Amino acid sequence: MSKTITTAFTPLAVAVATALAAGTPVTPVSAAETNWAGFVENATYHRKDVGLSKFRNTAQAEFETRFETDSLRSLTLNGTLRGTYDGVYDMNDDEFGKDARYDYLGQDWHDPDLSSPTILTSGVPFPCENDPTLCNNLDGYMDQDENDAKYPEFNDQLDFIRELYLTGDKKLANGDIVSFRLGKQQVVWGKTDLFRVLDVMNPVDYSRHNIYDELEDIRIPQWMLKLDWRMGANQVFDDSNLSLVWNFDKFRPNNLGTCGQSYRIVDAGCFFSSSLNESYLDLVTDSMGMGTNVYSANVPIIHDVEEPEWSLANTQLGLKWEGVYGDATFSLNALTYRQQMPSLHFRPIAPGAPAPAPDGVFDIKFPRVNLLGGAVDYYSMNMDAVWRVELAYSEGEEQPRDLNGHKETDMLRYVIGFDKNLVIPQLGTRSAFLISTQLFGEHILDHEADMPNDEDNWIATALFKGFYMNNRLSPQVIVAHDFAAAATVVAPSISFTPDNHWMFNLGLNIKDGGDETFPWSVAQGQSVYEPLARFTNGPIGVANAEDEIQLTVRYSF
Amino acid sequence: MLKKSLLSIALSAAVMGSVQAAAVSDEIIQESFYPYADGVPSFPGLEVGMTIDQSNVEQFKDVLDPAMYMFVKEGATTVKVGPTTDFALHDSYVEATRQYSGDVTIGEGHGEISKTVAGRPFPQEPSLDDPRAGEKLAWNYKYGYNWGDSAAIMPFYWTMRDMESGKKERTIKMNFHFLNFTHRTQQEPYPEITPNPSELFRAIYVQVLEPFDVKNTQLLIHRFEDDTKVDNAYLYLGFQRRVRRLSSGQTTDAFLGTDVMIEDFEGYNGRISDMKWTYKGTKYLLMPMYNHDEMTLDTETHQDEDGYQVIAFGGKGGCFPEITYQLRKVYVVESEPVDQNHPISKRQHYMDAQTFIIPRNITYDRKGEMWKSWTIGQAHPDHHLPVNKGTGVAIDDSFTMIDVQAQHCTTGQFKGIVDPKLSPVDKFTVQNMRASGN
């Protein structure tokens, strides 16, 4: 049970609220009460042939303070604090951490036969603890040290403050309501599970558990201002709302996991900390008649990370109009933001100079993206089911390609979802099973043959969840299949909630596929795994060796 | 009388030009709304202050419904007898009935009714000779005064209990809000809230406060004036931070794992057209209706600055509210699902004739065997919170849903508040769910 506290925290809450509300027309406030809730949790995962892959211990506390004020109808301060220690880096340091070593790039994904080992070195785990040059090149992105992985929230961005925001609303004379939410927060758009089409306001930390944790736990909260104009019902719509979101935080990209971490989506972290082999480059330059002494060392794949500095022009802005019309709820969305996935730009070199440049092959950039989209869900009486459709069209994104590292292209992403609740007495419960399926599609409008991603690709997902013992026992299975990667993940689990405090969840995460190769021009056009096929095989395929059994124990208060 | 007259004028003005109805006679009004004006019912040997238990239950079998009789007979609970009291509804609702229900007719199709404005649509005494009497009584329930035009339960404790061991498994703390968009009689505006483009009749909004794993779950149900149209239901899950549409399958599912379906709320929370309704007769039965301030209260579960405490529970497994029951005029109505895939075969509803609330229900499974017993204790508004005094609302005050097959129950403890400020229209919007979610 949560606790109501009205003592020592109150002055602090008022101070924070006052600071956040500076500049807003709010009269002096007094705190009424503060409610606290939270949990402590241990997540222990064991990976086949690897051993312990996660021993994450989390403490999370959430509070809400309501204030009394005459100028607003309501005013609250919300905060979420989280601290994590992942013991896997101490308990399985042969596999993960600064002392882990990999024989070749992609060792956790594929065998060495088609790995381009003579061209690319293996990734350097935690480069800032092992290779100062790489650390310098990756400065600002994917450059965590081991302690950053052990204690991911305790960093310069103060991520232990997951959320801290002030919310207020005021009723206008015509009955409309205007509201604001100011502070570090998550803003969620769209109607899709597991994948993000419109839900791109916050970047995501995939290093926590690839794509499999709840997005609520892996979105990286940003300092934002959200303004809503709730117009309510009119002669046409049952509900209508206009929402403006200004992300004024310094840009942060998705965290893909540093080499040496136990989860690194598409193994990007190790690719970014790998290098072109000097011996290979010597052979090439010699064959070109340029001599063998052009390169004095391996050439890092990444030369620099160009993260946008904070400036007004680099902030991000979104607009959403949503409402309810009959049996449909809808939204129209527009957003100008930064691509959260890194884009590799081949570094320009002087005519006649050797390629690549001796101090690094690519720079990482995060281009500006403009997005238009919308979402609709509709309840079908005849099918007694809900259909969801979500669509986003973007311009400015950059997709990986063999030539030059990237190409700017417009993108179309969409999801069609179908949800139904069905009672199946044969399965021994009177509770309805939740059946939810989705088809996530992606279309690259300016596709090129040397792009490792297909022009069109789809990922299908299915969730089947049941409830027994008054919902305290809940088995479920999630299946996802990536068509281009020919990769599948099956994740059955069962959770048991004996009372208001304890929760136990036991699950498996089994993957298959990830065997697609892609021709790489540097390897004389051979179809190989490295480096481009990581994009073809995607987050499911590249993690094909990460079969796990997972136990989570949580105590809530 | 002056107050009534002014109210009548106001109601007439509000709907002038829309409906011209024949007035209902005073005799029908009196019989329908004031059944105890000429005296309270009695039963041989039954006295106020006595307790019915295993030793004397056979003597009083005729004033107990089958489930209550079974529970007392097997010693799971006892029934304390209180005085029969007048739960007079608000004058505005009675006057609306007088003015607008004179020519209300049942439609040709199942779940159809002629245009109604407000009040009890069929105040006449039901007849066993009328094949659609059950349906008319169901309409009286649907358009009943119930919680009035709006109300809130803040907070509302639901506890899941193992009936055999008495172990409390989970307690969920929630807020419930109710709002009538149409058929309003007492809170401005009446008779309806506009604009209302989809012609909503009523909305229910639920927000879960505790425990942590379901905190911030929100449920919004929109029921339409057109009874043949399926409710729109929306669910906000705190961990997903977005609103999901619900298919109707979830309205017959265990709500948050409790023994209660969304369809069970308030005695029946569905469309008239979802059921075939049959009037089985009028009885005088002991109903869970009482004065809150005279009951045994639970000193642990809830404390607040009002000094309010919720009803205590006892009996087998702690599954029975510690309240008194009073002998009242009851209409016995059966509802059978039209959908053959519905998880139940029928419900027996025991509708209180004066208020048209449903304090007792018995639910039967697909095999026709008794599955669940529903009790919702009704507190008199003049013996409850000061804000409720004079509202004419029979306050939902305690409930238990007992799964007699699984020997499991979910109990409910209320703080019911009839105050329009707690349930503004914007609370019943999808956008409010997003705004209230954290």
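Computed from a prediction, not measured in an experiment: that's the story for all the values here. (Residues numbered from 1 in each chain as written. Chains lettered and ligands numbered in written order. Predicted model: local features only at pLDDT ≥ 70, side-chain atom pairs only at ≥ 80, totals over all residues.)

A. Just the overall build of chain A, in detail. Within chain A, the secondary structure is distributed over nine helices and 28 strands. Relative to a compact globule of 557 residues, whose C-alpha radius of gyration would be 24 Å, chain A shows 25 Å and is just as compact. Per-residue burial for chain A yields a buried fraction of 45% across its 557 residues. When contacts within chain A are restricted to residue pairs at least 6 apart in sequence, those whose partners lie at least 24 apart make up 63%. (Helix = DSSP H or I, 4+ residues; strand = E, 2+ residues; numbered from the N terminus. Rg over C-alpha atoms; globule rule 2.2 N^0.38 Å. Buried ≥ 20, exposed ≤ 12 C-beta atoms within 10 Å, placed from the backbone. Contact = placed C-beta atoms within 7 Å.)

B. The arrangement of the overall build of chain B in detail. The helix and strand inventory of chain B stands at six helices and 20 strands. Whereas a compact globule of 438 residues would reach a radius of gyration of roughly 22 Å, chain B reaches 21 Å, a difference of no more than 12%. Taking the principal axes of its C-alpha atoms as reference, chain B extends roughly 60 × 60 × 50 Å. In chain B, 63% of the contacts between residues at least 6 apart in sequence involve partners at least 24 apart.

C. Examining the nonpolar core more closely. Counting residues in hydrophobic clusters, the biggest one holds 116 residues, and the most contacted among them are L137, A203, L220, L286 and M351 of chain B. Ranked by residue count, the leading element in this core is strand 5 (residues 200-210) of chain B, at eight residues. The contacts of L220 of chain B, once residues within four sequence positions are left out, are A203, Y205, A233, Y234, F428, V430 and M433 of chain B. Counting residues in each nonpolar core, the second largest holds 71 residues, with V245, C259, V369 and L532 of chain A among its members. (Core = buried A, V, L, I, M, F, W, Y, C linked by C-beta atoms within 7 Å.)

D. Region of the structure containing the environment of W374 of chain B. All names here are of chain B. Along the chain, W374 turns up in strand 18 (residues 370-379). Spatially, the C-alpha atoms of W374 and G267 are 7.5 Å apart, while their sequence positions differ by 107 residues. Setting aside chain neighbours within four positions, we find W374 in contact with D264, G267, R360, N361, T363 and M401.

E. Examining the sheet that holds strand 11 (residues 302-306) of chain A more closely. Residue and element names in this part refer to chain A. One open sheet accounts for three strands, arranged 11-15-14; its pairing is mixed. Two strands in the sheet have a free side with no partner beyond their single neighbour: strand 11 and strand 14 (343-346). Strand-to-strand twist in this sheet, taken as the mean axis angle between neighbours without regard to direction, amounts to 30°. With four bridges connecting them, strand 11 and strand 15 (residues 362-365) associate as parallel partners. By the bridge assignment, I302 is partnered in strand 15 with F362. (Pairing = 2+ DSSP bridges. Axes fitted to C-alpha atoms, helices over the stretch in contact; angles between N-to-C directions.)

F. Summary view of the environment of S74 of chain A. Along the polypeptide, S74 of chain A turns up in strand 4 (residues 74-86). Other than its neighbours up to four places away in sequence, S74 of chain A contacts G168 and D169 of chain A.

G. Inspection of the interface of chain B and chain A at higher detail. Contacts between the two partners involve 38 residues from chain B, matched on the other side by 50 residues from chain A. Looking at the side of chain B that touches chain A, the elements that each hand over two or more residues are strand 4 (168-180), strand 8 (242-246) and helix 6 (430-436) of chain B.

H. Region of interest: helix 5 (residues 133-142) of chain B. All names here are of chain B. By the criterion of burial, helix 5 is predominantly enclosed, with ten of the ten residues buried. Among the residues making up helix 5, those that are buried are A133, G134, E135, K136, L137, A138, W139, N140, Y141 and K142. Looking at the packing, one finds that the buried side of helix 5 touches strand 9 (275-287), strand 15 (324-337) and strand 16 (344-352).

I. Layout of the confidence of the model for chain B. Residue and element names in this part refer to chain B. In the predicted model, chain B carries a mean pLDDT of 92, and 95% of its residues have values of at least 70. Low pLDDT, under 50, characterises residues 1-19; the stretch is placed with 22 contacts to residues that sit more than four places away or in other chains. The ipTM, which scores confidence in the relative placement of chains, is 0.88 for this predicted complex, and the corresponding pTM is 0.91. (pLDDT = per-residue confidence, 0-100.)

J. A look at the pairing of strand 21 (residues 432-444) of chain A. Residue and element names in this part refer to chain A. The sheet contact formed by strand 20 (residues 411-423) and strand 21 spans 13 bridges and is antiparallel. Its bridge partner being in strand 21, V423 is matched across the sheet by A432. One ladder, built from ten bridges, connects strand 21 with strand 22 (residues 456-465); its direction is antiparallel. Residue pairing across strands places T437 opposite A462, the latter belonging to strand 22.

K. The arrangement of the environment of N457 of chain A in detail. Residues and elements named next belong to chain A. By the element assignment, N457 lies in strand 22. When the 17 C-beta atoms within 10 Å are taken as the criterion, N457 is described as partly exposed. With near-sequence residues (within four places) excluded, N457 lies in contact with E442, F483 and A484.

L. Geometry of unusual backbone geometry. The peptide bond linking Y190 of chain B to P191 of chain B adopts the cis configuration, its omega dihedral lying at 10°. By the element assignment, P191 of chain B lies in the loop between strand 4 and strand 5. Put simply, E210 of chain B and P211 of chain B share a cis peptide bond, and its omega is 0°. On the secondary structure map, P211 of chain B appears in the loop between strand 5 and strand 6 (218-224). Unlike most non-glycine residues, D49 of chain A shows phi in positive territory, near 65°. In this structure, D49 of chain A sits in the loop between strand 2 (30-47) and strand 3 (51-68). Here D49 of chain A falls in the exposed class, since 9 other C-beta atoms lie within 10 Å of it.

M. Structural context of helix 3 (residues 66-73) of chain B. All names here are of chain B. The complete set of buried residues in helix 3 reads A67, M68, F71 and V72. Along the axis of helix 3, the buried residues cluster in a sector spanning 130°; they form a single face. Elements in contact with the buried residues of helix 3: strand 1 (51-52), strand 2 (79-81), strand 17 (360-365) and strand 18. (Arc of directions from axis to C-beta.)

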